[in-house]
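For reference, the chains in residue letters:
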Amino acid sequence: MRSAKEAVAYAKKIHQIVRYLGICDGNMQEGSFRVDANVSVDPRARRSSGRAPSSRTSTLPLLERAIEYEVDRQIDVIESGGAVVQETRLYDPARDETRAMRSKEEANDYRYFPDPDLLPVELTEDDIAAIVADMPELPDARRERFHERFGLSEYDAGVLTATREMRSTSRPS
């Protein structure tokens, strides 16, 4: 992703889908849905260039602001001749800044490894097909169908398909 807006749009879409499918309530303030973004600025970047998507946040508007702040901070470090330290940072909305939470000595400190307490999940093509067949219609497909089939405006179709709660009241006859 190349901008905070793209990252937020992606997070909003995932948030909508998990709520729509009933996977979770999506309550960010209580930790049911979390978003961690990683910012990596090319050393040749300048403020006028596209922004690249680091901070833990509890709301999507804060995510956008945290990414924008972190991009600016990293560009300042690079332009002043410094090196960006690999670390986990937390966005503080009251101060409108990010601050270090913990540092990483080496890039391999960010490595991913299998959790020894979780068994691997192996899905066959038949398993995937059965899951897809059992899934409800997702919001984007439903919105498009309402627009195409029933001639609803994009706005009206969007309102009727925005949330799971609207799904039960928007079944076509």
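Above this text is the structure in question.
Being a predicted model, the structure only gives us computed values, none of them experimental.

What counts and what doesn't
Every chain is numbered independently, its residues counted from 1 as its sequence is written. A pLDDT threshold of at least 70 governs which residues receive local features in this predicted model, and a stricter bar of 80 or more applies before side-chain atom pairs are shown or counted, although totals over entire chains, interfaces and linings include all residues. Calculated side-chain values reflect all of the structure's heavy atoms, with hydrogen atoms and water omitted. Two strands form a pair only when DSSP identifies at least two bridges running between them. The helix count covers DSSP runs of H or I at least four residues long, the strand count covers runs of E at least two residues long, and both are numbered beginning at the N terminus. Any Lys or Arg side-chain nitrogen found within 4 Å of a carboxyl oxygen on Asp or Glu counts as a salt bridge. Remark: exposure states derive from per-residue accessible area (1.4 Å probe, protein chains only) relative to the maximum for the residue type, with buried under 20%, exposed over 50%, and partly exposed in between. Only buried Ala, Val, Leu, Ile, Met, Phe, Trp, Tyr and Cys residues count toward a nonpolar core, and they belong to the same one when joined by side-chain atoms within 4.5 Å. Where helices are involved, their axes are fitted lines through C-alpha atoms of the stretch in contact, as for all axes, and angles between N-to-C directions lie from 0 to 180°. Orientation categories follow fixed angle ranges, with anything under 35 degrees roughly parallel, anything over 145 roughly antiparallel, 65 to 115 roughly perpendicular, and all other angles oblique. For this analysis, residues touch if any pair of their heavy atoms sits within 4.5 Å. The classification used treats Ala, Val, Leu, Ile, Met, Phe, Trp, Tyr, Cys and Pro as nonpolar, Asp, Glu, Lys and Arg as charged, and all other residues, Gly among them, as polar.

All right, on to the pairing of strand β4 (residues 97–103) then. With six bridges joining them, strand β3 (residues 87–92) and β4 adopt antiparallel strand pairing. Following the sheet pairing, T88 is matched in β4 by R102. Counted between consecutive antiparallel strands, the loop separating β3 from β4 contains four residues, among which D96 sits at a positive phi close to 50 degrees.

This part takes up the pattern of salt bridges. Summed over all chains, the structure comprises 13 salt bridges. For K5, the salt bridge identified is with E64, shortest N-O distance 2.9 Å. Looking at E64, the relative accessible area reads 18%, which means it is buried. Notably, a salt bridge pairs D140 with R143, separated by 2.9 Å at the nearest N-O pair. With D140 and R143 both in helix α4 (residues 139–150), this residue pair falls three residues apart, about one helical turn. Take R143: its relative accessible area is 25%, and that puts it in the partly exposed class. Put simply, K13, D140, R143 and E154 are held in one network by salt bridges that share partners.

With that settled, the discussion passes to the nonpolar core. It is characteristic of soluble globular proteins that their nonpolar side chains tend to be buried jointly. Counting 17 residues, the largest nonpolar core has V35, V41, L60, L63, I67 and V71 as its most contacted members. A per-element tally of this core places helix α2 (residues 60–79) first, with six residues.

Bringing the packing of helix α1 (residues 4–20) against α4 into the picture now. As a packed pair, α1 and α4 sit with axes 10 Å apart at the nearest point and diverge in direction by 90 degrees. Here α1 lies roughly perpendicular to α4, going by the angle between them. Across the interface between the two elements, K13, Q16 and Y20 from α1 touch P139, D140 and R142 from α4. Classifying every residue of the contact of α1 with α4 gives two nonpolar, one polar and three charged.

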